[in-house]
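# Summary of the model geometry
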Amino acid sequence: MKTLEAAMDDLQRKNLIPLQKESFLCAAKCCDKHSDMQALQQCTVNCQAKVQSAHQVLYGNLEDFQKRFQRCLMRCQDQAKVGRQVYSCCSQAGISAIHLLLLTQMFVVQ
């Protein structure tokens, strides 16, 4: 699970936080450009679009990741009932889940 936490920290530090900063700076510029409240609101909404999109992709993929991992663990439990080793099955499920997380990172970066 430390690999998972490290991947999430890396994703936040390298992608989400800079994107959030860009969004805040953009919104601050909106205050300088627009005196009309409606135009100001639209400008700030546009600034937040990339961040919202990235969060939707991230959380959608994380939800999918969790579902896949749970299915893997259920399969391992079923195999344990027929005498197979649970540890090696869960380890393989974890490795597969980490690979899926790395794919999630690529989607968010794009």
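Along every chain, residues carry numbers that run from 1 in the direction the sequence is written. The predicted origin of the model limits local features to residues at a pLDDT of at least 70 and limits the giving and counting of side-chain atom pairs to 80 or more, whereas totals for whole chains, interfaces and linings rest on all residues. Computation of side-chain values: all heavy atoms of the structure, hydrogens and water removed.

Here we take up the overall build of the protein. Secondary structure follows DSSP: runs of H or I at least 4 residues long count as helices, runs of E at least 2 residues long count as strands, and numbering of each begins at the N terminus. Along the backbone of the protein there are 3 helices and 0 strands. Along the chain direction, N to C, the helices and strands of the protein fall in the order α-α-α. Relative to its full complement of 110 residues, the protein shows a buried share of 25%. Burial here depends on accessible area, computed with a 1.4 Å probe over protein chains only, as a share of the maximum for the residue type. Under 20% is buried, over 50% is exposed, and the range in between is partly exposed.

It is worth spelling out the nonpolar core at this point. A general trend in soluble globular proteins is that nonpolar side chains are found buried together. Buried Ala, Val, Leu, Ile, Met, Phe, Trp, Tyr and Cys residues form a nonpolar core when they are joined through side-chain atoms within 4.5 Å. Grouped together as the largest cluster of nonpolar side chains are 8 residues: Leu 11, Leu 16, Leu 19, Val 51, Ala 54, Leu 58, Leu 62 and Phe 65. For this core, the leading source of residues is helix α2 (residues 37-81), giving 5 residues. Contacts are assigned to residue pairs with any non-hydrogen atoms lying within 4.5 Å of each other. Not counting chain neighbours up to four residues away, the residues in contact with Val 51 comprise Leu 19, Gln 20 and Ser 23.

Among the structural elements, Ser 23 can be located in helix α1 (residues 2-33). Exposure remark for Ser 23: the relative accessible area of 5% places this residue in the buried category.

This paragraph deals with the pattern of salt bridges. Put simply, a salt bridge is a Lys or Arg side-chain nitrogen that is within 4 Å of an Asp or Glu carboxyl oxygen. One pass over the full model with this rule turns up 5 salt bridges. Across the pair Arg 68 and Asp 64 runs a salt bridge, and its minimum N-O distance is 3.0 Å. Here Arg 68 pairs with Asp 64, and both are found in helix α2, just 4 residues apart, close to one helical turn. Taking relative accessible area as the criterion, Arg 68 reaches 34% and is therefore assigned partly exposed. A cluster of three or more residues bridged by salt bridges with shared partners is formed by Asp 10, Arg 13 and Lys 14.

Any cysteine sulfur atom paired with another within 2.5 Å is treated as part of a disulfide. One pass over the structure, following the stated rule, counts 2 disulfides. Sulfur-sulfur distance for the disulfide between Cys 26 and Cys 47 comes to 1.9 Å. Here Cys 26 and Cys 47 share a disulfide; its torsion about the S-S bond, -60°, makes the bridge left-handed. With Cys 26 in helix α1 and Cys 47 in helix α2, this residue pair connects regions lying 21 residues apart in the sequence.

By the secondary structure assignment, Ser 96 is in helix α3 (residues 86-109). On the basis of relative accessible area, Ser 96 is assigned to the partly exposed category, the value being 31%. In the structure, Ser 96 is positioned 28 residues away from Arg 68 in sequence and 9.2 Å away in space, judged by C-alpha atoms.

Okay, the confidence of the model for the protein next. When pLDDT is averaged along the protein, the result is 81, and 76% of the positions lie at 70 or above. Per-residue confidence from the predictor is given as pLDDT, running between 0 and 100. Across the protein, the secondary-structure element scoring lowest on mean pLDDT is α3, at 67, and the one scoring highest is α1, at 87.

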